[in-house]
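# A look at the structure
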Amino acid sequence: MARLESRLAALVVGTVMSTAVHALPVTLTKLTGVTGGVPAATAVYRAELGAIGIMEILSLSIRDVSGGFGGAAGQFSGFDLDAAILSNVFCASAACAAGLSGLPVFDYLPSGTIFNAGAQRPPFDAKLFGSDASGTEVDDIVATLGIFDGNATTVIPGADGFISLGDFGQVIFNLVSPVSSAGLFLYIGEVGDNGEVAGSAIDVSDRAATIPEPSALALVAMALSCCSWMRLRSQARGGRRDRNRRNTAPAMCMDPATVLNPRPILSTTRFEYRATSKE
Ligand SMILES: [Ca+2]
Ligand SMILES: [Ca+2]
């Protein structure tokens, strides 16, 4: 049984690592001046991606880790993202970055983004600013994440052109095609210029981001729970054998390969879980 638990634990770790092992953090440089809409207070940061050790970029992630101090309150909690673009043009000023077209490798709609809404600070609103009606997807009609146009205000009407991630929230961009990191620059805009980039984690990856399938993870949890229960029962009996009862073990206590119905990757023994096509 310990062997089965080890296999299950390995599967869980493998699931997490499969989306994290090729992601690397980037170092950002703040550009001079600010840009944005009215009022304009978007600070722009640049990362040079050619030297980070990834040949091709397929996804990038911006995650608020400011500890609950980024942005304002309510629907404006956390990192306020105005725009994220990739370009082969070097810019030293926010105005220069705002004038770039950016490479056409982003899909800012829900089909190309994963939005993990963070927490709000009171007073609470129905959803975070710049997310859709459900609060679970990017509303790019509001956020316009390809344009540095955020109105740096929390007054409504007035606020526009950005999305607030919430405390410890995250947005992930899956690019529509791989882009070479050679001579490539990432530009990110933070509305308000109040230090949220310093309190964030920004990673790029040569893999598309995926969401672990909830049902699969639930099955793993159930299987692990089942095995723990069987071990406790076995210990309680002082190691006595009870073949009849062992044969009636719950159906979940089977080989994890059967439980999870994984899709093996060609010529390897790894397991892959098909993500919901949210990204
Ligand atoms: Ca924008
Ligand atoms: Ca801000």
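In what follows, the accompanying structure is described.

Procedures and definitions
Counting from 1, residues in each chain are numbered in the order their sequence is written. For this description, chains carry letters from A and ligands carry numbers from 1, given in the order in which they are written. Reporting in this predicted model follows two pLDDT cut-offs: at least 70 for local features of residues, and 80 or more for side-chain atom pairs to be given and counted; totals over whole chains, interfaces and linings ignore these cut-offs and use all residues. Elements are defined by DSSP. Helices are runs of H or I of four residues or more, strands are runs of E of two residues or more, and each kind is numbered from the N terminus. Counting other C-beta atoms within 10 Å of a residue's own tells you its class, since 20 or more makes it buried, 12 or fewer makes it exposed, and anything in between is partly exposed; those C-beta atoms are placed from the backbone. In this description, a residue-residue contact is defined by the distance between C-beta atoms placed from the backbone, which must lie within 7 Å. The criterion for strand pairing is that DSSP finds at least two bridges linking the strands in question. Axis geometry follows a simple rule: fit a line to the C-alpha atoms, using only the stretch in contact for helices, then measure angles between N-to-C directions, giving values from 0 to 180 degrees. Only buried residues count toward a nonpolar core: Ala, Val, Leu, Ile, Met, Phe, Trp, Tyr and Cys, linked into one set through C-beta atoms within 7 Å.

### Here's the deal with the overall build of the protein chain
Helix and strand counts for the protein chain come out as six helices and twelve strands. Burial analysis of the protein chain (279 residues in total) assigns 38% to the buried set. Taking all contacts inside the protein chain whose residues are at least 6 apart in sequence as the whole, residues at least 24 apart take part in 79%.

### Some remarks on the sheet that holds strand 8 (residues 170-180)
What the five strands build is an open sheet, ordered 1-10-4-8-6; its pairing is antiparallel. This sheet does not close on itself; its edge strands, each paired only once, are strand 1 (23-25) and strand 6 (113-116). The sheet shows a mean angle of 20° between the axes of neighbouring strands, taken without regard to direction.

### Side note on the sheet that holds strand 2 (residues 29-30)
With respect to topology, five strands assemble into an open sheet ordered 2-3-9-5-7, the strand pairing being antiparallel. In this open sheet, the two strands that pair with only one neighbour each are strand 2 and strand 7 (163-164). The pairing of strand 3 (residues 42-48) with strand 9 (residues 185-191) spans seven bridges and is classified as antiparallel. When the bridges of strand 9 are listed, Glu48 appears paired with Phe185.

### Some details on the pairing of strand 9
Within strand 9, seven of the seven residues are buried, which leaves it mostly tucked inside the rest of the structure. By the alternation rule, side chains of strand 9 split into Phe185, Tyr187, Gly189 and Val191 and Leu186, Ile188 and Glu190, which are all buried. Note that strand 5 (residues 80-87) and strand 9 share six bridges and pair antiparallel. Paired with Leu86 across the two strands is Leu186, which belongs to strand 9.

### Digging into the environment of Val171
Locating Val171 in the fold gives a position in strand 8. Residue classification places Val171 among the buried positions, given that 26 C-beta atoms sit within 10 Å. Separated by 53 residues in sequence, Val171 and Gly118 have C-alpha atoms that sit 9.9 Å apart. Not counting chain neighbours up to four residues away, the residues in contact with Val171 comprise Ile62, Leu81, Thr113, Phe115, Val138, Ile163 and Leu165.

### Section: unusual backbone geometry
Val38 connects to Pro39 through a cis peptide bond whose omega is -5°. Structurally, Pro39 can be placed in the loop between strand 2 and strand 3. Phi angles above zero are rare outside glycine, and Thr144 is one such case at about 40°. Within the secondary structure, Thr144 is located in the loop between helix 3 (140-143) and strand 7. Phi angles above zero are rare outside glycine, and Asp193 is one such case at about 50°.

### Topic: the nonpolar core
Counting 52 residues, the largest nonpolar core has Val44, Ile57, Leu81, Ala84, Ile163, Val171 and Leu186 as the members making the most contacts within it. For this core, the elements supplying multiple residues, two or more each, are strand 3, strand 4 (56-64), strand 5, helix 2 (94-98), strand 6, strand 8 and strand 9. Those residues in contact with Ile163 that sit more than four places away from it in its chain are Leu81, Phe129, Gly130, Ser131, Val138, Ala143 and Val171.

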